[in-house]
Amino acid sequence: MVLVLTRTYFPEGTNGKLVYQGRLICYTIELPYKNNQPQVSCIPEGEYFIEKRYSKRFGWHFEILDIPNRSLILFHPANNALTELRGCIAPVSQLSGPGYGVQSKKAFEKLKMLVYPELEAKESILLLVQSYSLSEL
């Protein structure tokens, strides 16, 4: 399974669109890009694998693996990138501004319903993180 996250960068935050087989799953919010600095930047563009993870804070969620110089980068619910994220990616149902979204828990449940069966079947999940090309705008 390949999930494609296409981003738009703003000084206040990063907004994205998460797609599977050409169909929109949800939108995403992240911190602005600041050279992959831990705690203050979204992750660099690239290809990453995702696995299921559990924590007391977020319950079951996803971890994005093998990010250069970063660890514990997760997909988890949040509606404000600057106050709720430290490099992670939050699915949202609708974007409401750079780094802001609404109904994150609803979007995260939709994402889990798509991805969990694949992980349970031992399928690998590849996340392709990219920005819009000029031809897509």
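Note that the structure is predicted; figures quoted are calculated from it, not measured.

Draft legend 1. Molecular detail of the overall build of the chain. Along the chain, the regular secondary structure elements total two helices and ten strands. The order of α-helices and β-strands along the chain, N terminus first, is β-β-β-β-β-β-α-β-β-β-α-β. In terms of overall dimensions, the chain is globule-like: its C-alpha atoms have a radius of gyration of 14 Å, near the 14 Å expected for 137 residues. Among the 137 residues that make up the chain, the fraction classed as buried is 46%. A sequence separation of at least 24 residues applies to 51% of the contacts in the chain between residues at least 6 apart. Taken as a whole, the chain presents about 7,400 Å² of accessible surface, with 52% of it coming from carbon and sulfur. Looking at charge distribution, the chain has the averaged site of its 15 positive side-chain charges lying 8 Å from that of its 13 negative ones.

Conventions used here
- Residues numbered from 1 in each chain as written.
- Predicted model: local features only at pLDDT ≥ 70, side-chain atom pairs only at ≥ 80, totals over all residues.
- Heavy atoms only, no water.
- Helix = DSSP H or I, 4+ residues; strand = E, 2+ residues; numbered from the N terminus.
- Rg over C-alpha atoms; globule rule 2.2 N^0.38 Å.
- Buried < 20%, exposed > 50% of the residue type's maximum accessible area, 1.4 Å probe, protein only.
- Contact = heavy atoms within 4.5 Å.
- Areas by Shrake-Rupley, 256 points an atom, 1.4 Å probe, with all protein chains shown as cover.
- Lys, Arg positive; Asp, Glu negative; His and termini not counted.
- Charge placed at Lys NZ, Arg CZ, Asp CG, Glu CD.

Nothing here speaks to function; it is all geometry.
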